[in-house]
Amino acid sequence: MPEGHTLHRLARDQRRDFKGHKVTLSSPQGRFADSARLLDQHVVERVDAYGKHLFTRFDSGEVLHVHLGLIGKFRRQPSPPAAPVGIVSVRLEGPTATWDLSGPTVCRVVDPPEMERVVSTLGPDPLRRGADPERFIQAVQRSAKPIGALLLDQSVIAGIGNVFRAEVLFVHGIHPSTPGTNLDRATILAMWDTLAGWLRDGVRRNRIVTNTLAEPLHVYHHELCGTCGTPLVSIEVGGRRIDFCPMCQPAPL
Ligand SMILES: [Zn+2]
């Protein structure tokens with residue numbers, strides 16, 4: 001699943017291609033034909049990412065809401081585009097570039113209040129200007145749930161996926177099962193800063209998730225700890241498997 005930086009990079013690139021331009025919308029697959037018809041030939045006013053959600057606002061006042069989920073993808077090509085390849089849910093054709101969306105979990109037309117409602121369910125997104133780490137700190141410290149689950153909870157912090165949660169817990173020497181209530185403020189803030197740095201770097205470098213970090217990954221899809229050589233342990237936390245080092249990330253007391 002893409003992490004938040006992928007969505008922020010998409011927002012940035014689509015803003016460049018569409019903002020202020022009339023866009024031709026279609027649904028080659030047919031399933032979103034009604035939505036596409038509503039937005040077709042309207043001007044894009046803005047494109048924003050919040051966590052893993054992408055919102056494209058049109059001059060009609062309507063908003064295209066997309067969540068890529070596990071397998072969703074956007075592909076870009078110069079306009080005029082070639083015929084769609086595979087199943088394309090929605091095609092957005094601007095004057096210079098065309099974007100094809102396939103396999104999204106969410107693809108729907110909403111009004112601005114509904115967009116606000118979706119955004120209000122999300123925790124702070126480190127990539128949004130003015131994001132408040134205090135909300136993250138308090139949400140973690142108030143919860144007895146494992147930090148490994150809290151990091152994936154989009155209402156606690158928006159935009160973090162399986163790769164970054166495994167890596168940030170390793171880098172800070174925290175066992176994934178540690179209850180949020182056990183963590184002190186400085187540690188939680190340090191995790192926020194680390195994640196914000198990786199996400200910003202990911203937007204800038206525009207790499208796929210596993211190649212996002214400037215440094216090699218430490219635990220994600222590894223068998224041995226990159227620091228001490230101990231075999232990594234895999235457990236399920238927050239509904240997804242996570243690898244950790246039992247030496248570098250000791251179990252909570
Ligand atoms: Zn280790």
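Residues numbered from 1 in each chain as written. Predicted model: local features only at pLDDT ≥ 70, side-chain atom pairs only at ≥ 80, totals over all residues. Heavy atoms only, no water.

Engineer: Give me the packing of helix H6 (residues 162–171) against helix H7 (residues 185–205): which residues, what numbers.
Structural biologist: Direction vectors running N to C along H6 and H7 enclose 135°, while the axes themselves pass 10 Å from each other. Accordingly, the angle class assigned to the pair H6 and H7 is oblique. The two elements H6 and H7 meet at a crossing, and its hand is right-handed. Between H6 and H7, the residues in contact are Phe-164, Glu-167, Val-168, Leu-169 and Val-171 and Met-191, Thr-194, Leu-195, Trp-198 and Leu-199, respectively. Here the contact of H6 with H7 is built from residues that sort into eight nonpolar, one polar and one charged. (Axes fitted to C-alpha atoms, helices over the stretch in contact; angles between N-to-C directions. Helix = DSSP H or I, 4+ residues; strand = E, 2+ residues; numbered from the N terminus. Parallel < 35°, antiparallel > 145°, perpendicular 65-115°, else oblique. Left-handed = near helix turned anticlockwise from the far one by under 90°. Contact = heavy atoms within 4.5 Å. Nonpolar A, V, L, I, M, F, W, Y, C, P; charged D, E, K, R; others polar.)

Engineer: A description of the coordination of the zinc ion should follow, citing residues and the corresponding values.
Structural biologist: Ideal geometry at a metal centre: 109.5 degrees between donors when four sit tetrahedrally, and 90 or 180 degrees when six sit octahedrally. Those protein atoms acting as donors to the zinc ion are Cys-225 (SG), Cys-228 (SG), Cys-245 (SG) and Cys-248 (SG), and they sit at 2.2 to 2.4 Å. Spacing between the donor residues of the zinc ion along the chain follows C-x2-C-x16-C-x2-C. (Donors = N, O, S within 2.8 Å, 3.2 Å for Na, K, Ca; no water.)

Engineer: Could you give an account of the side chain of Gln-249, with specific residues and numbers?
Structural biologist: Mapped onto the elements, Gln-249 comes out in the segment after strand S10 (240–244). A distance of 3.4 Å separates a polar atom in the side chain of Gln-249 from the backbone oxygen of Leu-169. Those residues within four positions of Gln-249 in sequence are excluded, and the remaining contacts are Leu-169, Phe-170, Gly-173, Ile-174, His-175, Pro-176 and Phe-244. (Polar contact = N/O pair within 3.5 Å; in protein donor to acceptor, adjacent residues only side chain to side chain.)

Engineer: How would you sum up the packing of aromatic side chains? Please name residues and give values.
Structural biologist: Aromatic rings considered in pairs are described by the distance between their centres and by the relative angle of their planes. Tallied over the full model, the rule gives four aromatic pairs. For the pair Phe-136 and Trp-192, a centre-to-centre distance of 5.8 Å together with 40° between the ring planes defines the contact as tilted. Of the two residues, Phe-136 sits in helix H4 (residues 133–141) while Trp-192 sits in helix H7, which places them 56 residues apart along the sequence. The pair Phe-136 / Trp-192 is uniform in exposure class, with both members buried. (Phe/Tyr/Trp six-rings, centres within 6.5 Å; stacked < 30°, edge-to-face > 60°. Buried < 20%, exposed > 50% of the residue type's maximum accessible area, 1.4 Å probe, protein only.)

Engineer: Describe helix H3 (residues 112–120), listing the residues and the values that go with them.
Structural biologist: Those residues of H3 that fall on the buried side of the exposure criterion are Glu-114, Met-115, Val-118 and Val-119. Viewed along the axis of H3, the buried residues span an arc of 140°, placing them on a single side of the element. Within H3, the exposed residues directed more than 90 degrees away from the buried face are Pro-113 and Ser-120. At its buried positions, H3 is contacted by strand S2 (42–50), strand S3 (53–58), strand S4 (63–67) and strand S8 (106–110). (Arc of directions from axis to C-beta.)

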